[in-house]
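# Chains, contacts and geometry: an overview
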Amino acid sequence: MTANPISEDGSLSGSRLERLLRAGHFAVTAELGPPQSTDAGVIRAKASLLRGACDAVNITDNQTAIVRMSSIGAGTIVLAEGLEPVIQMTCRDRNRLAIQADLLGAYALGMRNLLCLTGDHQQFGNHPTAKNVFDIDSVQLVQMVTAMRDDRVFQCGEAFDGPEPRFFVGAAAAPFGGPVEYRPYRLAKKAAAGVNFVQTQLIYDVPAFGRYMAKVRELGLHERVFILAGVGPLKSPGMARYMAKNVPGLLVPDELIDRMTEAGAAWAGKPAEELTPQDKKARAAAWKAEGIRICVELIGRIREIEGVAGVHIMAIEWEEAVRPIAEGAGLLPRPTLEEAAAS
Amino acid sequence: MITAERKPLEEVKDLIGEARNVLVMGCGTCVTVCFAGGSREAAELVVSLRMATRLAGAPREITETTVQRQCEWEYLDEARADVEQADVIVSLACGIGVQAIAERFPDARVVPGVNTTFLGMPTEHGIWEERCAACGECILGITAGICPIARCAKSLLNGPCGGSEAGHCEVSPDTPCAWQLIHDRLQRLGVLDVLMQPQPPKNWKSSRDGGPRRIVRDDLRLAGEQE
Ligand code: SF4
Ligand code: SF4
């Protein structure tokens, strides 16, 4: 894992996220979805909501197979805004040539963190008639980029002539995907491929995640891979129910759905058509406040689990929520690199 | 087998256009077994086309023949007389049969009457499922006899992805997750540790990605010459 480090702290990439994690800080990452347009202003606005509230921010790559500004393009703007991006890269839209070429460019532009994903199938996106690629998969992508960094070779085996890209290499983990008993071993496979960190799917069922982590510790994986638990605020009881039912690998306990419903109880007596716009606004605010409260509590409980190195806060199209969540969970202010070096 | 589905009648009519002499040609092998293009389906198409012709009022000669295999010259040659007097041939064979006709009879106009779908098998009466993508480098030996190239929606070599839930694939609740199947069978066979080793990127060169493929068997060629 420390093959060819570039700094004394054993950092492979020099990324801020990596250095904080190696210094033992409980890391906070967040997510920024690029716009479905060329609007750089959207990215700047989101970046200003996230600056100082997290250590690095994931820039999604055509998430859910909907065309958006590219992760590397948006990442360049984010970098200029003073935030450290985590470039997401899926295997759905690019073959091994395109991925390597894009990563050379990303590194040259200053990106240091990479998240290797298989990618959602295009059928639910906005171009369902597209041809997908899947030349390589996420595990092979991890292998490819770690070999570029540690062995200084392209996927074909040819050696680099000039400087190689040195990414802090991440991947996703789905603790509750099927088959559940295999999931810790799948993390072991990603560790064997050379992954440095993982961000998990959203965790709402802490005991179930605890069982996953127990197995992960038994396999010693928490010592080889930094594990960032995925968390996110619920927006409404409807969203909670929808996610519980429709998103693969996501467990939302009834108790949390009930709490969300309860938060809107004051408006529950009236039929929807009798609610004034002000009522609806107040109800949405009450739901959101409860969603943030639940998220803060989840972080508190997840932090207690041995082997969890940080949290990945996914507040999709609700970036405003990240700061109050991090604040509420006692994770602000974020440490500086000087503090990381001193500790 | 190669599976196929019948094209909608409207599309076939459009493909035929104004042709006066129409020959519907079935194939007696794969498409017969999957009820898409055998002699029975050829006869049915002829009936439908004749009815449509009568409604349209334009005179038209529609005949039918079915050969054992449209993908072999010998069988095609048996239908030469029918082919030569047709203005258009509606081939109910897979895409290979259609191309074989085009290749064997340079002056014939041939159109497909079916959509060739996949390499698969019937799993229930009236249901066929894909099993192989003819990738040219078979890996069934390490995947417990279940093909992830053809049966995983993303052709993953290191599945299952995060979209696998309750045994089905993220693309549809009706599609079993190939990697769940592989996992379960490896477990049953007591060799689950196969799933711990990252599989390297596949060599797609032997697949369609390497361009049109060709097999040359010198031993058979020599034997053929000596006969
Ligand atoms: S591995 Fe290739 S050859 Fe073997 S069944 Fe799958 S697609 Fe067919
Ligand atoms: S859910 Fe299973 S079959 Fe579907 S893409 Fe993922 S691994 Fe492949």
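Before going into details, it helps to say that this report is about the structure given with it.

### Here's the deal with the overall build of chain A
Within chain A one finds twelve helices and eight strands. For a compact globule of 343 residues, the expected C-alpha radius of gyration is about 20 Å, and chain A comes in at 20 Å, within 12% of that figure. Seen through its C-alpha atoms, chain A measures out along the principal axes to roughly 70 × 45 × 40 Å. Considering only contacts in chain A between residues 6 or more positions apart, those separated by 24 or more positions represent 79%. Only carbon and sulfur atoms are counted for the fraction: they give 53% of the accessible area of chain A, which is about 13,900 Å².

### Digging into the overall build of chain B
Secondary structure assignment for chain B yields nine helices and nine strands. Taking 17 Å as the expected radius of gyration for a compact globule of 227 residues, we find that chain B reaches 22 Å, considerably beyond that expectation. A total of 227 residues make up chain B; the buried ones form 40% of that total. Expressed as a percentage of contacts within chain B between residues at least 6 apart in sequence, the contacts between residues at least 24 apart total 60%. Total accessible area on chain B stands at roughly 12,700 Å², and carbon and sulfur atoms take up 52% of it. For chain B, the distance from the average site of its 24 positive side-chain charges to the average site of its 32 negative ones is 1 Å.

### What to know about the pattern of salt bridges
One pass over the full model with this rule turns up 32 salt bridges over all chains. When the shortest N-O distance is used, the salt bridge between K154 of chain B and E170 of chain B registers 3.0 Å. Of this pair, K154 of chain B sits in the loop between α7 (148-151) and β8 (168-169) while E170 of chain B sits in the loop between β8 and β9 (172-176), and the two are 16 residues apart along the sequence. Like K154 of chain B, the residue E170 of chain B is buried in the burial classification. Three or more residues are tied together by salt bridges with common partners; here these are R259, E290, R293 and E297 of chain A.

### Some thoughts on the site of ligand 2
If you check the shell around ligand 2, you find 13 residues, and the closest are C152, C161, C169, C177 and A178 of chain B. Counted by class, the shell around ligand 2 contains nine nonpolar, two polar and two charged residues.

### A short note on the pairing of strand β2 (residues 56-59) of chain A
Within a regular strand, side chains alternate between the sheet's two faces. Residue and element names in this part refer to chain A. By the alternation rule, side chains of β2 split into A56 and N58 and V57 and I59, which are all buried. Bridging between strand β1 (residues 27-32) and β2 involves four bridges; their strand directions are parallel. Pairing of T29 across the sheet is with A56, part of β2. Each parallel crossover has a hand, and the one from β1 via helix α2 (residues 40-50) to β2 is right-handed. Each parallel crossover has a hand, and the one from β2 via helix α3 (residues 71-80) to strand β3 (residues 85-90) is right-handed.

### Regarding the state of the cysteines
Residues and elements named next belong to chain A. As enumerated under the stated definition, the model contains zero disulfides over all chains in all. C116 takes part in no disulfide bond, and the closest cysteine sulfur, belonging to C91, lies 7.5 Å away. C116 gets classed as buried once you look at its relative accessible area, which sits at 1%.

### Some thoughts on the sheet that holds β1 of chain A
Read around the closed barrel, the eight strands follow the order β1-β2-β3-β4-β5-β6-β7-β8 (chain A); overall the barrel is parallel. Mean inter-strand twist for the sheet, computed between neighbouring axes without regard to direction, equals 30 degrees.

### Overview of the interface of chain B and chain A
The interface of chain B with chain A comprises 26 residues on the first partner and 32 residues on the second. Between chain B and chain A, roughly 2,400 Å² of surface is buried when both sides are summed, and carbon and sulfur atoms account for 54% of that area. Looking only at chain B, the three residues that lose the most surface to chain A are K154, N158 and P201 of chain B, adding up to 22% of its buried area. In this structure, the connection of chain B to chain A is made through zero salt bridges. In this structure, the connection of chain B to chain A is made through 16 residue pairs in polar contact (both at pLDDT 80 or more). Taken together, the residues of the side of chain B that touches chain A sort by class into twelve nonpolar, ten polar and four charged.

### Description of the environment of I72 of chain A
Residues and elements named next belong to chain A. By the secondary structure assignment, I72 is in helix α3. Accessibility expressed as a relative area gives 13% for I72, which makes it buried. It is 7.9 Å that separates the C-alpha atoms of I72 and I59, two residues lying 13 residues apart in sequence. Sequence-distant contacts of I72, defined by excluding residues within four places in its chain, comprise I87, M89, D102, A106, L109 and M111.

### Quick notes on helix α5 (residues 138-150) of chain A
All names here are of chain A. For α5, with 13 residues, the first-to-last C-alpha span of 18 Å sits near the 18 Å given by 1.5 Å per residue. Burial of α5 is extensive: eleven of the 13 residues sit out of reach of the surface. Those residues of α5 not exposed but buried are S138, V139, Q140, L141, V142, M144, V145, T146, A147, M148 and R149. Of the surrounding secondary structure, the elements contacted by the buried residues of α5 are β3, α4 (96-108), β4 (113-117), β5 (168-173) and α6 (183-193). Among the residues of α5, the N-terminal cap falls to D137, whose side-chain oxygen and the backbone nitrogen of V139 are separated by 3.2 Å.

### Notes on unusual backbone geometry
Cis rather than trans, the peptide bond between G178 of chain A and P179 of chain A has omega equal to -20 degrees. Residue G159 of chain B is joined to P160 of chain B through a cis peptide bond whose omega torsion reads 0 degrees. Mapped onto the elements, P160 of chain B comes out in the loop between α7 and β8. Despite not being glycine, A65 of chain A has its phi angle at roughly 60 degrees, a positive value. Within the element layout of this structure, A65 of chain A appears in the loop between β2 and α3.

### Quick look at the site of ligand 1
Around ligand 1, a shell composed of C132, A133, A134, C135, C138, I139, L140, C147 and I149 of chain B is seen. Here the shell around ligand 1 is composed, by residue class, of nine nonpolar, no polar and no charged.

Scoring rules and cut-offs
Residues numbered from 1 in each chain as written. Chains lettered and ligands numbered in written order. Predicted model: local features only at pLDDT ≥ 70, side-chain atom pairs only at ≥ 80, totals over all residues. Heavy atoms only, no water. Helix = DSSP H or I, 4+ residues; strand = E, 2+ residues; numbered from the N terminus. Rg over C-alpha atoms; globule rule 2.2 N^0.38 Å. Contact = heavy atoms within 4.5 Å. Areas by Shrake-Rupley, 256 points an atom, 1.4 Å probe, with all protein chains shown as cover. Buried < 20%, exposed > 50% of the residue type's maximum accessible area, 1.4 Å probe, protein only. Lys, Arg positive; Asp, Glu negative; His and termini not counted. Charge placed at Lys NZ, Arg CZ, Asp CG, Glu CD. Salt bridge = Lys/Arg side-chain N within 4 Å of Asp/Glu carboxyl O. Near = heavy atom within 4 Å. Nonpolar A, V, L, I, M, F, W, Y, C, P; charged D, E, K, R; others polar. Pairing = 2+ DSSP bridges. Right-handed = clockwise from strand over helix to strand, strands pointing away. Disulfide = S-S within 2.5 Å. Axes fitted to C-alpha atoms, helices over the stretch in contact; angles between N-to-C directions. Buried area = accessible area lost by both parts, 1.4 Å probe. Polar contact = N/O pair within 3.5 Å; in protein donor to acceptor, adjacent residues only side chain to side chain. Expected span 1.5 Å × (residues − 1).

That is the geometry; function is a separate question.
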